[in-house]
Amino acid sequence: METETLALAQEMDFSFFSLFLRATLVVKLVMLLLVAASFYSWAIIVTKFIQYRRTRAQAAGFDRAFWSGEPLDELYDTLGPNPAAAPERVFAAGMTEWHRSHRADGGLIAGAQARIDRSMDVAIAKEAEGLNRGLSFLATVASAAPFVGLFGTVWGIMNSFIEIAQQQNTNLAVVAPGLAEALFATGLGLLAAIPALIFYNNLTAQSDGIVAGWEAFADEFATILSRQLDS
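Cut-offs and rules
Residues numbered from 1 in each chain as written. Predicted model: local features only at pLDDT ≥ 70, side-chain atom pairs only at ≥ 80, totals over all residues. Heavy atoms only, no water. Helix = DSSP H or I, 4+ residues; strand = E, 2+ residues; numbered from the N terminus. Polar contact = N/O pair within 3.5 Å; in protein donor to acceptor, adjacent residues only side chain to side chain. Contact = heavy atoms within 4.5 Å. Patch = residues over 30% accessible without salt bridge, like charges linked within 9 Å, V, L, I, M, F, W, Y side chains within 5 Å. Areas by Shrake-Rupley, 256 points an atom, 1.4 Å probe, with all protein chains shown as cover. Salt bridge = Lys/Arg side-chain N within 4 Å of Asp/Glu carboxyl O. Lys, Arg positive; Asp, Glu negative; His and termini not counted. Charge placed at Lys NZ, Arg CZ, Asp CG, Glu CD.

Draft legend 1. Representation of the side chain of Thr55. As for its placement among the helices and strands, Thr55 is situated in helix H3 (residues 25-66). Separated by 2.8 Å, the side chain of Thr55 and the backbone oxygen of Gln51 make a polar contact. When sequence neighbours within four positions are dropped, the list of residues in contact with Thr55 reads Leu131, Ile210 and Trp214.

Next up, the structure:
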């Protein structure tokens with residue numbers, strides 16, 4: 001009997017796809033959820049790397065234009081009130097408020113500096129929101145995926161013990177397929193969680209660096225405008 005059981009276990013297919021097919025419905029749902037979360041996480045990761053690279057290139061191009069010596073009004077007219085790039089929108093927000101702060105006689109309305117600063121802060125906050133969109137999903141996958149996989153493992157092991165009780169056979173070859181399926185769920189949980197955690201930290205650091213660059217520019221721009229206000 002033991003020889004037959006071992007021979008049957010050796011003939012079984014332990015490929016990932018076969019483990020999925022033999023799993024119970026609950027474990028299958030867990031596996032599908034983890035695979036979907038992993039694919040979506042990678043989609044976010046690739047998208048964010050492209051977005052951050054493009055944003056840094058736009059910031060570098062705008063810095064060259066801003067510090068080229070071209071008058072700010074001419075630069076603002078060239079970009080328009082609704083430019084395409086994020087750093088340009090921060091600049092446009094400050095310039096728009098600068099123009100609105102002038103009275104018809106050419107004088108400045110009181111509190112112009114504070115309003116310009118707030119306008120750029122609001123613009124930076126909006127751009128930062130778009131920059132960070134999707135990162136919360138990576139954080140959720142990083143923290144929850146191992147536990148979801150563990151749930152699938154516990155459920156699979158529970159079914160393996162039920163099978164032991166039903167067959168009255170404690171031979172490892174009998175329960176090995178069920179244990180393999182259960183542990184496969186934990187592996188998928190880690191497969192989803194580890195990249196999500198690594199790239200969440202990496203992308204968060206990149207996002208913070210980009211936003212810090214916008215804030216530094218806003219401070220420099222505010223300093224330039226304050227000189228004109230005081231002159």
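Once the structure has been displayed, the description carries forward.
Draft legend 2. Structural view of a negative patch on the surface. Negative charge collects at one region of the surface, where Asp63, Asp121, Glu215, Asp219 and Glu220 lie side by side. The greatest single-element share of the negative patch, amounting to three residues, is contributed by helix H8 (residues 172-230). Looking at where Asp63 falls in the secondary structure, it is placed in helix H3.

Draft legend 3. Broad picture of a nonpolar patch on the surface. Together, Phe151, Trp155, Met158 and Ile162 line one region of the surface with nonpolar side chains, adding up to about 350 Å² of accessible area. Within the element layout of this structure, Trp155 appears in helix H7 (residues 135-167).

Geometric descriptors of this kind do not, in isolation, establish any biological role.
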